[in-house]
Every structure is written in structure tokens, then in C-alpha cells.
Amino acid sequence: MALEGKALVAQGGGPTAVINQSLVGIVLEARKFSQVTKVYGAVKGVQGIISEDFLDLTQETTHNLEQVAMTPSSALLSTRAKPDNKYCHEIFKVLKAHDIRYFFYIGGNDSADTVRIVNEEAEVAGYDLRAIHVPKTIDNDLTVNDHTPGYGSAARFVAQAFMGVNLDVRSLPGVYIGVVMGRNAGFLTAASSIAQKYPADGPHLIYLPEREFHIDKFLSSVKENYDRHGMCIVAVSEGIRDAGGKPIITSLCKDQEVDAHGNIQLSGTGALGDLLTQQVKDKLNISRVRSDTFGYLQRSFVGCVSDVDQHEAREVGERAVQMAIWNDRDGSVTIHRTGYYSVDYHLTPFADVAAKTKLMPDEFINQEGNHITDAFKFYVRPLLGSGLQSPSQLRAPKVAKLLQSE
């Protein structure tokens with residue numbers, strides 16, 4: 001028999017363009033079940049649980065929830081707090097005090113670990129609680145999952161951004177370096193490859209954290225492409241590393257910011273792009289070299305959302321509720337590809353997802369380690385959704401010169 005009591009939903013980590021679809025999917029689905037007496041939303045993730053900062057989403061209108069579902073970023077706000085066992089014990093005390101029987105946490109692998117610990121606290125205390133981790137991350141680095149909600153929309157943004165870069169740099173040739181989010185996994189940077197339509201299109205070079213980055217090889221490849229095409233477009237992950245596994249960016253600054261998870265701060269700085277730009281200018285004697293650091297732009301860009309990503313983010317939230325109530329189980333909801341293109345949803349043990357990182361498979365990266373393969377394009381294209389624009393070029397023949405010799 002299903003548990004009777006309140007449901008609580010929270011959002012953790014970085015926002016995405018579709019994380020509110022999962023939130024609304026959970027709320028609307030949970031409100032269908034009579035044993036769910038209230039549906040609460042925790043403001044600012046686990047931080048809001050500790051401070052009992054809840055919204056009663058039972059009283060939110062369906063119309064407004066649907067409007068929120070179409071709005072990027074975390075409607076409940078978020079946090080970068082990394083709960084330890086003591087923190088999770090405090091979370092459990094709050095859940096018990098409010099008679100929370102269903103706990104849904106939307107987030108990445110650290111969020112999965114939080115849900116795991118809270119679930120264990122409930123088991124030790126003999127308190128009946130169904131705890132479900134709902135996947136989310138633009139990095140696409142959750143194990144077991146074929147892909148994660150949020151990635152498709154961010155990848156669509158990156159692909160379209162590089163389409164625009166192609167047009168710009170083709171007009172006024174030079175070298176362009178775009179730094180894309182991706183600490184350990186290069187899935188998001190690799191999506192830039194979809195911008196390639198014509199033979200001379202970029203990105204001509206793609207560098208990922210999964211492969212060692214050598215500045216000399218980088219410069220040689222830039223020169224080769226610049227000589228061949230009269231331009232060179234580069235997509236590079238913020239987390240690229242040297243032969244010792246040390247992020248390239250750490251060689252730039254003596255004082256490195258560290259987040260709550262102990263990770264060196266990679267975003268919010270243009271240092272990596274500036275470094276690579278200066279190297280190209282100094283070593284290759286190319287004057288027109290530009291770089292951009294995409295930063296937050298790729299996470300919640302309004303108007304650049306994959307419909308496939310939206311639908312799956314909604315459904316993964318709905319399935320989380322069904323698995324908790326109908327199946328009376330705990331775990332992490334995972335997405336599995338079942339065809340080209342279809343998916344199904346499973347409930348996976350926390351231990352298989354929590355605090356683990358999925359990397360780009362070898363089959364997705366070319367032998368030289370500076371681009372991707374067609375296998376990746378086949379993998380990523382359906383995730384970008386429908387209506388993806390495709391730039392075109394003039395194909396009219398040239399007119400013969402009358403005054404200038406050929």
C-alpha cells in the first residue's frame with residue numbers, strides 16, 4: 001500500500017533550460033494521487049530544506065505551472081551546497097517533522113549522492129520514505145543514462161552559436177576560439193560539430209577533457225587549418241588538461257577559486273581563451289584572433305530550447321512520481337535509448353549514479369584527439385530537437401574578370 005503524506009521537490013546545482021519541466025511534471029503528477037496530501041517545493045535546494053523554506057505547490061494553479069515549465073532556469077532557485085552525512089541527517093529531521101513521505105531531488109551526480117544518504121538515514125530510523133533522484137545536467141555526464149535532461153538544449157545552443165561563428169569568421173577571416181563548459185566530459189563542446197555543413201566550415205578543431213592537450217600540437221593544427229581555409233575555428237572545453245591531468249587554466253592564475261565541491265573554478269573567467277589567443281598571435285603571427293567564453297549563456301538561454309529535451313524532462317519527472325508511488329521504490333531515474341529515436345525510463349540504484357562521472361566514449365573522439373567522429377553526430381542530433389536552422393551559402397558562378405588578370 002502506498003505511503004500517505006506530503007511530497008517535497010527541490011532543485012540542485014546549475015540551472016538548465018528544461019529543469020522546470022521536471023519540476024512541473026513532478027508536481028502535477030503527484031497532485032493526481034490522493035495519498036499525497038500536499039506538494040511542497042524547497043527554495044534553494046537542500047539549503048531551503050534545512051531552513052524549512054517551503055512553497056505549497058498544491059495551491060499553485062496548473063496554468064501558472066505550465067508557464068513556469070516553459071521558463072528556463074530553476075524556478076525554486078538552487079544551491080551549490082554539498083551535504084555531508086551530518087547535513088543529510090538534518091535534512092531527514094526536517095522531512096520527518098513535516099511528514100514528508102516522498103522526496104524528489106532534481107540534480108546531477110552530487111544530488112544523487114545526497115538523496116542516497118537521506119534515504120539511508122530514513123532506513124536507519126525506520127521512517128517510511130520514498131526518495132527519488134531526478135536527472136539533470138547540461139554536462140551530460142551522469143552514468144547509466146544515455147543522456148540527461150538539460151543537455152539537449154545546451155547542445156542546441158552551442159551548435160547554433162558555432163553556426164553563427166562560421167558565418168562571421170567566413171566573412172572576416174581569422175582564428176576564433178570558443179570556450180565551452182565541460183569540466184570532465186566533453187559532450188557539450190562536441191555538440192559544436194553540428195555547425196559543420198559545408199566542407200570548409202568549422203569548428204575545424206575540437207578539444208575535450210578526455211584527451212591530453214598539447215600546446216605545440218594545438219598551434220600546429222591551427223596553422224594547418226588556417227593555411228588551408230584562410231580561417232580556423234576552434235571549440236575547446238574549459239576543462240582541457242595537460243599530460244599530467246592538470247587543467248590548463250591552472251597554469252594561468254596563482255590564486256584559484258574553489259567551489260563547495262572542491263573543484264577549481266573554471267567558469268566565469270576568460271583566462272583560458274585569452275591564453276590560447278595570445279599563443280596563436282605570438283607563435284603563428286596571426287593578427288586577427290578572437291575568443292569567447294560561453295559561460296552561463298549555454299545553460300538557460302531563452303528561445304533556444306530543444307523540444308525533445310522539454311518532453312523528456314517533463315516525462316522523467318512524471319515517471320519519478322509513478323515509480324515512487326506505484327512501484328514503492330527508491331533510486332535514480334535513468335534515461336535509456338531504445339531506438340532511433342525513442343527512449344524509456346528505468347529506476348537505477350543510487351550507487352550506480354551517485355558521485356560518478358560519465359566521459360565521452362572513445363568511439364566519439366577522432367584518433368588525433370582534436371575532433372569528433374560521425375558516431376557522435378549520430379548520437380547527438382536527435383537530442384537537439386526539431387526546427388534546427390541550417391545556414392546556406394551563395395552558389396552562383398563567378399563572373400570573368402575584364403581588367404584584372406586571373
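To be clear, the structure that these remarks concern was listed above.
Because the structure is predicted, anything quoted here is derived from the model rather than measured. Residue indices begin from 1 for each chain and proceed along its sequence in written order. Given that this is a predicted model, residues contribute local features only at a pLDDT of at least 70 and side-chain atom pairs are listed and counted only at 80 or more, while totals for whole chains, interfaces and linings are drawn from all residues. Side-chain numbers here rest on the full set of heavy atoms in the structure, without hydrogens or water.

### Remarks on the packing of aromatic side chains
Cut-off, in case you're wondering: Centres within 6.5 Å make a pair out of two Phe, Tyr or Trp rings, where for Trp the six-membered ring is used; the pair is then stacked when the planes are under 30 degrees apart, edge-to-face when over 60, and tilted otherwise. Helix and strand definitions follow DSSP, with helices as H or I runs of at least four residues and strands as E runs of at least two, each counted in order from the N terminus.
Throughout the structure, instances matching the rule amount to 17 aromatic pairs. Where Tyr340 meets Phe378, the ring centres are 4.4 Å apart and the plane angle is 20 degrees; that geometry is what we call stacked. Here Tyr340 is found in the loop between strand E10 (331-339) and strand E11 (342-348), whereas its partner Phe378 is found in helix H11 (residues 374-380), with 38 residues between them in sequence. Every member of this aromatic cluster is reached through a ring pair, and the members are Tyr151, Phe187, Phe364, Phe376 and Tyr379.

### Section: unusual backbone geometry
Residue Gly202 is joined to Pro203 through a cis peptide bond whose omega torsion reads 5 degrees. Relative to the assigned elements, Pro203 resides in the loop between helix H7 (187-190) and strand E7 (205-207). Here the residue pair Tyr340 and Tyr341 is connected by a cis peptide bond, since its omega of 5 degrees sits within 30 degrees of zero. For Glu52, which is not glycine, the phi dihedral falls at a positive 55 degrees. Locating Glu52 in the fold gives a position in the loop between helix H2 (45-50) and strand E3 (54-56). In this structure, Asn285 is a non-glycine residue whose phi angle is positive, near 55 degrees.

### Some words on the environment of Ser51
Condition: Relative accessibility decides the category of a residue: with a 1.4 Å probe and only protein chains considered, values under 20% of the type maximum give buried, values over 50% give exposed, and everything between is partly exposed.
Structurally, Ser51 is set in the loop between H2 and E3. Judged by its relative accessible area of 49%, Ser51 falls in the partly exposed class. Measuring from C-alpha to C-alpha, the distance between Ser51 and Asp242 comes to 42 Å, with 191 residues separating the pair along the chain.

### Here's the deal with the pattern of salt bridges
Two side chains that carry opposite charge are able to pair once their charged atoms sit near each other. Under the convention used in this document: A side-chain nitrogen of Lys or Arg and a carboxyl oxygen of Asp or Glu constitute a salt bridge if their distance falls within 4 Å.
In this structure the tally under the stated criterion is 14 salt bridges. Put simply, Lys32 and Glu29 hold a salt bridge, and the shortest N to O gap is 3.2 Å. On the basis of relative accessible area, Lys32 is assigned to the exposed category, the value being 60%. The salt bridge involving Asp362 is made with Arg211; its shortest N-O contact spans 3.1 Å. With Asp362 in the loop between E11 and H11 and Arg211 in the loop between E7 and helix H8 (215-229), this pair connects stretches of sequence that are 151 residues apart. Each of the salt bridges in this network shares a partner with another, and the network as a whole consists of Asp113, Arg116 and Glu120.

### Points about the nonpolar core
Using the following cut-off: We call a set of buried Ala, Val, Leu, Ile, Met, Phe, Trp, Tyr and Cys residues a nonpolar core when their side-chain atoms join them within 4.5 Å. Two residues form a contact once any of their heavy atoms are found within 4.5 Å.
The biggest cluster of nonpolar side chains holds 38 residues, and the ones touching the most others in it are Tyr151, Phe162, Phe187, Leu188, Met360 and Phe376. Per element, the largest residue contribution to this core is ten residues, and it comes from helix H6 (residues 151-171). In contact with Phe187, not counting residues within four places along its chain, are Asp139, Asn140, Tyr151, Lys358, Leu359, Met360, Pro361, Phe364, Phe376 and Tyr379. One finds Leu28, Ile106, Ile132 and Val134 within the second-largest nonpolar core, a separate group that totals 32 residues.

### Some thoughts on the side chain of Ser306
Note the cut-off: Polar contacts, as counted here, are pairs of nitrogen or oxygen atoms within 3.5 Å of one another; within protein the pair requires one atom able to donate a hydrogen and one able to accept it, and residues that are adjacent in sequence qualify only if both atoms are side-chain atoms.
Its place among the elements puts Ser306 in the loop between strand E9 (289-293) and helix H10 (307-325). On the basis of relative accessible area, Ser306 is assigned to the buried category, the value being 0%. From its side chain, Ser306 meets the backbone nitrogen of Asp309 in a polar contact 3.1 Å long. With residues near it in sequence (within four places) discarded, Ser306 still touches Gly152, Ser153, Arg156, Leu383, Leu384 and Gly385.

### Re helix H1 (residues 19-30)
Inclusion rule: Expected span of a helix: the number of residues minus one, times 1.5 Å.
Helix length check: H1 (twelve residues) gives 17 Å between terminal C-alpha atoms against 16 Å at 1.5 Å per residue, within 8%. In terms of residue burial, H1 counts as a mostly covered element, since twelve of its twelve residues are buried. Those residues of H1 that fall on the buried side of the exposure criterion are Ile19, Asn20, Gln21, Ser22, Leu23, Val24, Gly25, Ile26, Val27, Leu28, Glu29 and Ala30. Those residues of H1 that are buried are in contact with strand E1 (5-11), strand E2 (36-42), helix H3 (62-69), strand E4 (100-107), strand E5 (130-135) and H10.

### A few points about the pairing of E5
Keep this limit in mind: Two strands pair under a simple rule: DSSP has to find at least two bridges between them. Viewed with both strands pointing away, a crossover whose connecting path from the first strand over the helix to the second turns clockwise is right-handed.
Of all six residues in E5, six are buried, a share of seventy percent or more. Covered by surrounding structure in E5 are Arg130, Ile132 and Val134 together with Ala131, His133 and Pro135, the residues of both alternating faces. As paired strands, E4 and E5 are joined by six bridges and run parallel to one another. Within E5, the position partnered with Phe104 by the bridge is Ile132. Each parallel crossover has a hand, and the one from E4 via helix H5 (residues 109-125) to E5 is right-handed. In terms of strand pairing, E5 meets E10 through two bridges, oriented parallel. Bridge assignment links His133 to a residue of E10, and that residue is Ser332.

### A few points about the packing of H1 against H10
Just so we agree on the cut-off: Axes here mean lines fitted to C-alpha atoms, for a helix over just the part in contact, with angles spanning 0 to 180 degrees between N-to-C directions. Handedness of a crossing follows from how the near helix is turned relative to the far one, being left-handed for an anticlockwise turn of less than a right angle and right-handed for a clockwise one. Following the grouping adopted for this structure description, the nonpolar residues are Ala, Val, Leu, Ile, Met, Phe, Trp, Tyr, Cys and Pro, the charged ones are Asp, Glu, Lys and Arg, and the polar ones are all others, Gly among them.
At a closest axis distance of 7 Å, the pairing of H1 and H10 adopts a crossing angle of 40 degrees. Pair H1 / H10 crosses with right-handed handedness. Residue-level contacts link Gln21, Ser22, Val24, Gly25, Ile26, Leu28, Glu29 and Ala30 of H1 to Gln310, Ala313, Arg314, Val316, Gly317, Glu318, Val321 and Gln322 of H10. Residue composition of the contact of H1 with H10, grouped by class: seven nonpolar, six polar and three charged.

### Some thoughts on the sheet that holds strand E8 (residues 232-237)
Here we have four strands laid out as an open sheet, ordered E7-E8-E6-E9, and parallel in their pairing. Two strands bound the open sheet, and with one partner strand each, they are E7 and E9. In this sheet, neighbouring strand axes are inclined to one another by 15 degrees on average, regardless of whether the strands run parallel or antiparallel. Where strand E6 (residues 175-180) lies against E9, five bridges are found, and the strand directions are parallel. Residue Tyr176 lies in a different strand from E9, and its bridge partner there is Arg290. Of the strands in this sheet, E6, E7 and E8 are in contact with H8, which crosses E7 at around 160 degrees. In the packing of helix H9 (residues 271-284) onto the sheet, the strands contacted are E6, E8 and E9, and the crossing angle to E9 comes to about 170 degrees.

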